[in-house]
Amino acid sequence: MTNSETSNSEEGSNKTLVRTLIIIGIGIPVLVELLTLFNLVNVQIFNDKTDQVQRRSQPDQAVEFTEGDTLFTKSNYPVVISGMQINVSAQEWVFELEFRPSDTTMQATPLVKVDSLRLKNGDLLRRGQEWSASQSKSMRWTLPNGQVPVKLYLSGKELITEDSVRNIHEEVPLGSIPVRYTRKTQR
């Protein structure tokens, strides 16, 4: 009787052990898969909405203007940046800017004034210059060595009627400006 009881108890413990191993072997991977599924669903449902709200609240990237871009597009006299470069020599840095009237200009001689330049270090170069379609020369500013303009502050006058004028102001962030090294020979 002791042998049969011992063999029954060994069979019972073996069956319990096998059942436990099967439950662990199948249960743990199923549990991991369920947790992964729950986390994916949770992220997709709840975090997607907060991401969309954050994306909407971020300000739009400022468009940078380079050579060939049109300024004053909402006026009767759009102007195109026809040339823009920095001439570097051992003595000085000079920023040159050229405009030309756009093909869609309704006013015969648009007048544009560059009020000031914002430099990369944050300084403001306040020496303003005017440009009109009748002049074809480029505007020039002497820059501190190593500084590059990053923004133009422009104003223009739009003729509404013969005796009324509307002033327009624009801030123009500048993109990459070509830098040319010029070798000045001293005589």
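Rules used in this analysis
- Residues numbered from 1 in each chain as written.
- Predicted model: local features only at pLDDT ≥ 70, side-chain atom pairs only at ≥ 80, totals over all residues.
- Heavy atoms only, no water.
- Helix = DSSP H or I, 4+ residues; strand = E, 2+ residues; numbered from the N terminus.
- Contact = heavy atoms within 4.5 Å.
- Pairing = 2+ DSSP bridges.
- Buried < 20%, exposed > 50% of the residue type's maximum accessible area, 1.4 Å probe, protein only.
- Core = buried A, V, L, I, M, F, W, Y, C linked by side-chain atoms within 4.5 Å.
- Salt bridge = Lys/Arg side-chain N within 4 Å of Asp/Glu carboxyl O.
- pLDDT = per-residue confidence, 0-100.
- Patch = residues over 30% accessible without salt bridge, like charges linked within 9 Å, V, L, I, M, F, W, Y side chains within 5 Å.
- Areas by Shrake-Rupley, 256 points an atom, 1.4 Å probe, with all protein chains shown as cover.

**A closer look at the environment of valine 179**
Then step 1. Relative to the helices and strands, valine 179 is located in strand 10 (residues 179-181).
Then step 2. Counting along the chain gives 85 residues from valine 179 to valine 94, while the straight-line C-alpha distance between them is 9.7 Å.
Then step 3. Setting aside chain neighbours within four positions, we find valine 179 in contact with Ile86 and Val88.

**Let's talk about the pairing of strand 4 (residues 111-119)**
Then step 1. By the bridge criterion, 4 bridges tie strand 4 to strand 6 (residues 129-132) in an arrangement that is antiparallel. Across the sheet, residue lysine 113 finds its bridge partner in strand 6, namely glutamate 130.
Then step 2. Where strand 4 and strand 8 (residues 149-161) come together, 8 bridges link them in antiparallel fashion. Bridge assignment links lysine 113 to a residue of strand 8, and that residue is serine 155.
Then step 3. Looking at chain direction, strand 4 and strand 5 (residues 124-125) are connected through 2 bridges and run antiparallel. Bridging across to strand 5, leucine 117 finds its partner in leucine 125.
Then step 4. In this antiparallel pair of consecutive strands, strand 4 and strand 5, the connection spans 4 residues, and glycine 122 shows a positive phi of 100 degrees.

**Thoughts on the side chain of serine 102**
Then step 1. Mapped onto the fold, serine 102 is located in the loop between strand 3 (93-101) and strand 4.
Then step 2. Take serine 102: its relative accessible area is 15%, and that puts it in the buried class.
Then step 3. When neighbours within four sequence positions are excluded, serine 102 is seen to be in contact with Pro78, Val79 and Val80.

**A word on the nonpolar core**
Then step 1. The biggest cluster of nonpolar side chains holds 27 residues, and the ones touching the most others in it are Phe95, Leu97, Phe99, Val114, Leu152 and Leu154.
Then step 2. Contributing elements (two or more residues each) for this core: strand 2 (79-88), strand 3, strand 4, strand 7 (139-143), strand 8 and strand 9 (164-173).

**Overview of the side chain of serine 138**
Then step 1. With respect to the helices and strands, the residue serine 138 is situated in the loop between strand 6 and strand 7.
Then step 2. Residue serine 138 is classed as buried on the basis of its relative accessible area of 17%.
Then step 3. Setting aside chain neighbours within four positions, we find serine 138 in contact with Glu96, Leu97 and Glu98.

**Re the pattern of salt bridges**
Then step 1. Across all of its chains, the model carries 2 salt bridges by this definition.
Then step 2. The partner of arginine 140 in a salt bridge is glutamate 96, with the nearest N and O atoms 2.6 Å apart. Here the residue arginine 140 occupies a position in strand 7, and glutamate 96 occupies one in strand 3, the gap between them amounting to 44 residues.
Then step 3. Classification of glutamate 96 as buried rests on a relative accessible area of 13%.
Then step 4. Taking the shortest distance from any N to any O, the salt bridge between lysine 151 and glutamate 171 comes out at 3.4 Å. One end of the pair, lysine 151, is in strand 8; the other, glutamate 171, is in strand 9, with 20 residues separating them in the sequence.

**Focus: the confidence of the model for the protein**
As a general rule, the predicted coordinates of low-pLDDT regions are not to be interpreted in detail.
Then step 1. Confidence in the prediction for the protein averages 80 pLDDT; 81% of positions are at 70 or higher.
Then step 2. The least confident element of the protein, judged by mean pLDDT, is helix 1 (residues 2-57) at 77; the most confident is strand 7 at 91.

**Quick notes on a nonpolar patch on the surface**
Then step 1. Where nonpolar side chains cluster on the molecular surface, the patch consists of Val18, Ile22, Ile26, Val30, Leu34, Leu37, Val41 and Ile45 and spans about 710 Å² of accessible area.
Then step 2. One can find valine 18 in helix 1.
Then step 3. Here valine 18 falls in the partly exposed class, since its relative accessible area comes to 46%.

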